[in-house]
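Read off the chains here:
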Amino acid sequence: MAAELTQSGAEILLRALRDQGVEVIFGYPGGAVLPIYDALFQQNSIRHILVRHEQAAVHAAEGYARSTGRVGCVLVTSGPGATNAVTGLVDALMDSIPIVCLTGQVPTHLIGNDAFQEADTTGITRPATKHNYLVKRPEDLARVVHEAFYVASHGRPGPVVIDLPKDIVINKAPYAEPTGQHPSYRPRTEPDADQIAKAVALLKGAKRPVIYAGGGVINAGPEASALLTEFARTTGFPITNTLMGLGSYPASDPQFLGMLGMHGTYEANLVMHGCDVMLAIGARFDDRITGRLDAFSQGSQKIHIDIDGSSINKNVAVDIPIVADAGKALAALLAAWKASDAPVDKPALASWWRQIDAWREKKSLKFTQDMKRGGIIKPQYAIQRLYEITRARKQEVFITTEVGQHQMWAAQHFNFEKPNRWMTSGGLGTMGYGLPAAMGVQLAHPDALVIDIAGEASIQMNIQEMGTLAQYRLPVKIFILNNQYMGMVRQWQELLHGSRYSETYSNALPDFVKLAESYHATGMRAQSVEELDAVIHAMLDCPTAVIADIAVDQAENCFPMIPSGAAHNEMLLGPEHEASGAGITDAGLALV
Amino acid sequence: MPGISDTTQRSATISVLVDNEAGVLARVIGLFSGRGYNIDSLTVAPVDEAGRRSRINIVTSGTSMVIEQIKAQLDRLVPVHRVADLTMDGPHVARELALVKVICTGEQRVEALQVGTSFRARVVDTTLGSFVFELTGATEKIDAFIELMRNLGLAEVSRSGIAALARGTRVI
Ligand SMILES: Cc1cc2nc3c(=O)[nH]c(=O)nc-3n(C[C@H](O)[C@H](O)[C@H](O)COP(=O)(O)OP(=O)(O)OC[C@H]3O[C@@H](n4cnc5c(N)ncnc54)[C@H](O)[C@@H]3O)c2cc1C
Ligand SMILES: Cc1ncc(C[n+]2csc(CCOP(=O)(O)OP(=O)(O)O)c2C)c(N)n1
Ligand SMILES: [Mg+2]
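Criteria and thresholds
- Residues numbered from 1 in each chain as written.
- Chains lettered and ligands numbered in written order.
- Predicted model: local features only at pLDDT ≥ 70, side-chain atom pairs only at ≥ 80, totals over all residues.
- Helix = DSSP H or I, 4+ residues; strand = E, 2+ residues; numbered from the N terminus.
- Rg over C-alpha atoms; globule rule 2.2 N^0.38 Å.
- Buried ≥ 20, exposed ≤ 12 C-beta atoms within 10 Å, placed from the backbone.
- Contact = placed C-beta atoms within 7 Å.
- Pairing = 2+ DSSP bridges.
- Nonpolar A, V, L, I, M, F, W, Y, C, P; charged D, E, K, R; others polar.
- Near = placed C-beta within 6 Å.
- Expected span 1.5 Å × (residues − 1).
- Axes fitted to C-alpha atoms, helices over the stretch in contact; angles between N-to-C directions.
- Core = buried A, V, L, I, M, F, W, Y, C linked by C-beta atoms within 7 Å.
- Parallel < 35°, antiparallel > 145°, perpendicular 65-115°, else oblique.
- Left-handed = near helix turned anticlockwise from the far one by under 90°.
- pLDDT = per-residue confidence, 0-100.

Caption draft 1: Inspection of the overall build of chain A at higher detail. For chain A, the helix and strand inventory stands at 22 helices and 18 strands. What you see for chain A is a C-alpha radius of gyration of 25 Å, in line with the 25 Å of a compact globule of 592 residues. Expressed along its principal axes, the backbone C-alpha trace of chain A runs to roughly 75 × 60 × 45 Å. Taking all 592 residues of chain A together, 55% fall into the buried category.

Caption draft 2: Expanded view of the overall build of chain B. Broken down by element type, chain B carries five helices and eight strands. What you see in chain B, going N to C, is helices and strands ordered as β-α-β-β-α-β-α-β-α-β-β-α-β. When the backbone C-alpha atoms are referred to their principal axes, chain B occupies close to 55 × 40 × 35 Å. With 172 residues in all, chain B has 27% of them scored as buried. Taking the contacts inside chain B whose residues are at least 6 apart along the sequence as the reference set, 74% of them involve residues at least 24 apart.

Caption draft 3: Region of the structure containing the sheet that holds strand S16 (residues 477-482) of chain A. Residue and element names in this part refer to chain A. Strand order across the open sheet formed by six strands is S14-S13-S15-S16-S18-S17, with parallel pairing between neighbours. Only two strands of the sheet have a single neighbouring strand rather than two, namely strand S14 (422-423) and strand S17 (522-526). Two strands pair when backbone bridges link them, and S17 and strand S18 (residues 546-551) are joined in this way by five bridges, in the parallel orientation. Bridge pairing links Thr522 to Val546 in S18.

Caption draft 4: Highlighting the interface of chain B and chain A. Residue-level contacts link 18 residues of chain B with 14 residues of chain A. For the side of chain B that touches chain A, the secondary structure elements donating two or more residues are helix H1 (24-35) and helix H2 (64-75) of chain B. Considering each element in turn, the side of chain B that touches chain A owes the most residues, six residues, to H2(B). Partitioned by chemical class, the residues of the side of chain B that touches chain A number six nonpolar, seven polar and five charged.

Caption draft 5: Local environment of the site of ligand 2. Residues and elements named next belong to chain A. Lining the immediate environment of ligand 2, one finds 19 residues, of which Gly404, Gly455, Ser458, Met486 and Gly487 sit closest. Counting only elements with at least two residues in the shell around ligand 2, the list comes to helix H16 (405-413) and helix H19 (487-496). Partitioning the shell around ligand 2 into residue classes produces eight nonpolar, nine polar and two charged.

Caption draft 6: Focus on helix H6 (residues 141-153) of chain A. The terminal C-alpha atoms of H6(A), which comprises 13 residues, lie 19 Å apart, in line with the 18 Å expected from a rise of 1.5 Å per residue. Those residues of H6(A) not exposed but buried are A:Leu141, A:Ala142, A:Val144, A:Val145, A:His146, A:Glu147, A:Ala148, A:Phe149, A:Tyr150, A:Val151 and A:Ala152.

Caption draft 7: Structural detail: the site of ligand 1. All names here are of chain A. If you check the shell around ligand 1, you find 37 residues, and the closest are Gly214, Gly215, Gly216, Gly261 and Gly426. Secondary-structure elements contributing two or more residues to the shell around ligand 1 are helix H9 (215-219), helix H12 (287-290) and H16. No other element matches H9, which puts three residues into the shell around ligand 1. Of the residues that constitute the shell around ligand 1, the class distribution is 13 nonpolar, 16 polar and eight charged.

Caption draft 8: The sheet that holds strand S4 (residues 99-105) of chain A, seen in detail. Residue and element names in this part refer to chain A. Taken in spatial order, the six strands line up as S2-S1-S3-S4-S6-S5 in an open sheet, and their pairing is parallel. Each end of this open sheet is capped by a strand with a single partner; those strands are strand S2 (47-50) and strand S5 (131-134). Averaged over all adjacent pairs, the angle separating strand axes in this sheet is 20 degrees, with direction ignored. Here four bridges tie S5 to strand S6 (residues 159-165), and the two strands are oriented parallel to one another. Within S6, the position partnered with Leu134 by the bridge is Asp163. Here helix H3 (residues 54-68) sits on the sheet and contacts strand S1 (24-27), S2, strand S3 (72-76) and S4; the angle it forms with S3, its principal contact strand, is near 165 degrees.

Caption draft 9: Expanded view of unusual backbone geometry. Residues and elements named next belong to chain A. In this structure, the amide linkage connecting Phe559 to the following residue, Pro560, adopts the cis form with an omega of -5 degrees. Within the secondary structure, Pro560 is located in the loop between S18 and helix H22 (586-589). The phi angle at Ser297 is positive, at roughly 40 degrees, despite the residue not being glycine. Here Ser297 lies in the loop between H12 and strand S11 (301-306). The class of Ser297 is buried, set by 23 C-beta atoms lying within 10 Å. Positive phi, normally seen in glycine, also occurs at Glu503, with a value near 60 degrees. Structurally, the position occupied by Glu503 is in the loop between H19 and helix H20 (512-518).

Caption draft 10: Region of interest: the nonpolar core. Counting 190 residues, the largest nonpolar core has A:Ala57, A:Val74, A:Ile99, A:Val100, A:Ile162, A:Ile281 and A:Ile550 as the members making the most contacts within it. Sorting elements by how many residues they give to this core places H6(A) first, with nine residues. Those residues in contact with A:Ile99, other than ones at most four positions away along the chain, are A:Val58, A:Ala61, A:Glu62, A:Ala65, A:Val71, A:Gly72, A:Val74, A:Ala92, A:Ala152, A:Pro159 and A:Val160. Judged by nonpolar contacts, the second largest core, of 18 residues, contains B:Val16, B:Ile56, B:Val59 and B:Ile67.

Caption draft 11: Region of the structure containing the packing of helix H1 (residues 9-19) of chain A against H6(A). Residue and element names in this part refer to chain A. Where H1 meets H6, the closest approach of the two axes is 9 Å, and the angle between their N-to-C directions is 30 degrees. When the axis of H1 is compared with that of H6, the two are roughly parallel. Where H1 crosses over H6, the two elements pack in a sense that is right-handed. For the pair H1 and H6, the contacting residues are Gly9, Ile12, Leu13, Ala16 and Leu17 in the first and Leu141, Ala142, Val145 and His146 in the second.

Caption draft 12: Broad picture of the pairing of S16(A). Residue and element names in this part refer to chain A. Of all six residues that make up S16, six are buried, and the element is covered over most of its length. Where burial is concerned, the two faces of S16 agree: the one with Lys477, Phe479 and Leu481 and the one with Ile478, Ile480 and Asn482 are both buried. Bridging between strand S15 (residues 449-455) and S16 involves five bridges; their strand directions are parallel. Note on S16: the bridge partner recorded for Gly455 is Leu481. Across six bridges, the pairing between S16 and S18 is parallel. Bridge pairing in S18 links Lys477 to Val546.

Caption draft 13: Quick peek at the packing of helix H10 (residues 222-235) of chain A against helix H13 (residues 326-339) of chain A. Residue and element names in this part refer to chain A. Packing of H10 against H13 brings their axes to within 9 Å, and their N-to-C directions diverge by 30 degrees. Here H10 is positioned roughly parallel relative to H13, judged by the angle of their axes. Seen from above, H10 lies across H13 with left-handed handedness. Of the residues in H13, those in contact with Glu223, Ala224, Leu227, Leu228, Glu230, Phe231, Thr234 and Thr235 of H10 are Ala326, Gly327, Leu330, Ala331, Leu333, Leu334 and Trp337. For the contact of H10 with H13, the per-class residue count stands at ten nonpolar, three polar and two charged.

Caption draft 14: Looking closely at the environment of A:Val169. Residues and elements named next belong to chain A. With respect to the element layout, Val169 can be found in helix H7 (residues 166-170). Classification of Val169 as buried rests on a count of 29 C-beta atoms within 10 Å. With 193 residues separating them in the primary sequence, Val169 and Lys362 have C-alpha atoms 62 Å apart. Those residues within four positions of Val169 in sequence are excluded, and the remaining contacts are Ser8, Gly9, Ala10, Leu13, Pro35, Ile36 and Leu164.

Caption draft 15: Structural view of the confidence of the model for chain B. Within chain B, residue pLDDT values average 95, and 99% of them lie at 70 or more. Listed scores for the predicted complex are pTM 0.97 and ipTM 0.93.

Following this line, the structure appears as structure tokens:
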């Protein structure tokens, strides 16, 4: 006879979460999850962080996950709780962030009856998650929780939803210990030795190589970033990072070319365009990278390492596909490179570097700051000063961003030396990501400096989380580059739509200083260049959460820019440079 | 084997072994509709004794790159165990079943029966004014049968979609 069951589904759930190492859960209560909240109330090992909107709970869990390498955990109620979480789930799916999201559901006998606060959560979230579950039997509950954590964190990471009908969490349920395995899901992580040998043979003979490393290297853990650095230094090859890969290679290293892609550096994009061998690692040839596909790096042979076979040959056909974990593949490449006695073409590499140095001379990120009293702050300068001042303080710094020009300027001008320090919404480009993500980061790293580099429009999308910062005394710093426009959209309107600024002016802005104060935080403002440093210092010295409202040049555009539908060598450079590049084609106009 | 950058369209019969769990078919179909892939035919049924595994057979079309992508996308679904491209992996047999109703009288009745016989179709229902033929075979054979019946009172068709297996000792 089965042992008598003594614990409710909710208690079993929390026990399973504990066994999965969950310490923090971001959530918001409601009718369907009341039994879970009751169980949370009666224990101390899992800390619940009450957000102000369910979307923010997921972004906070993303920030927590990306900055620690662990799985982020979310708890929301049925119906509107679950639908509010969807944007966060898709964000995590696009950026490969491991999340387990528990959603309440109406009791099993009411499912399908249009019951109060019922939504078809598994139906709605099927394309928004890596996988999802509806628990229909108490005996499945613990196993499903363990499986969900396994699926979220193995292979290509992603969000997993567990939909929990109310009767399942109320009724008694049996426990099952985690097995550390999944009955059938077995993503490949070990590289094929023959493919590695082929890759090394190709790399050794390269005359104009490049390493193009993305977010997958960060997913693979800090050891993978260390191996990437070692591999690049051993080979002497130039290396570029995607937006999601920043920090996987130290930005201060002379071999680093900066970010590539639509707003990447001149040298990174021309190296991609002109290379003869490309080593892509944990990067997915996103359209922000490739520009016009039929003009993308036509002359190169390509090696692509990715843990997800569907990322390979999706947009760009490659010559040597390697399905593997980035860290394991890099270790294998390094060993095979060292073991191979094939010579490298030193003269060719030296002339490649001379070419690269000539491209670097363009200084494609340069800008001019008027240093006179009353000078308008250039947004790039504000980021540069933020970087220099925080670096001088030698504190651990984590940066999150919202979405827009400020995000790109942050990527260009804030240099990252280590992985997991840069949290941004790349794939979905979700305005409103940065503040809740920063909450999650600050919770995981209470003593670190956590800064959300924001735009005045984006910050309003999850501004209610100021309340969460206050409740948990999270000293997050919100650094708003306030250009009074949805700058990134305004820039496209200027370049593509005859400067008709349709609905992109940030009208009726709040007074951010007062807004900060009403949320128990500190507000400060810099209007012109001579005020900037003092505000940054005051912000960093402040023990509370801060909103620093930095008035920046409204007309500034983000360059370089490869317009949609253009090729890498048709880049637009800024006003600092001679007129350049392509016009925008009609085909390009249709792209995003 | 055509290279990955070959841009000609081809048809592919893909068999997928999946855990027979709730939502798995929706996941597969959602993948096709969400990513804009074609489904020309789709069948699904449990295939092991315990009813834990189902086999889904999908006929689709696209360039080599798209078909490789479809396979990779299927393969990454958590409840998917195996994905096989029967068209590329070697010879295979593919069959479907059709029920074809014709409503006719007089001369046409005789002719319809004759066509039925030559296609080895079985008559599974008869009334004075109608027949239902049952026919199995390759898709082209069924297409041809239906074509012929158009002039002989074709009223309604119900097709199973294809079931497919590799020839010889190979299993997926
Ligand atoms: C306004 C805006 C502008 C943008 N401009 C740019 C730009 O100029 N440049 C730019 O780079 N991006 C830009 N982006 C971001 C862009 O949209 C993509 O999000 C980004 O380029 C994708 O980065 P990635 O290729 O590194 O892939 P990610 O999305 O990080 O995907 C990671 C890849 O690695 C794989 N992977 C995961 N785990 C592992 C592992 N353990 N081992 C191996 N592989 C693994 C995954 O399967 C996936 O293929 C912009 C975004 C916005 C919002
Ligand atoms: C939720 C959401 N809605 C719309 C967009 C489209 N969009 C991209 S950037 C942007 C403007 C952002 O403005 P702001 O936050 O002020 O940043 P800026 O570009 O001015 O630095 C908009 C509307 C988006 N990315 N996300
Ligand atoms: Mg703005």
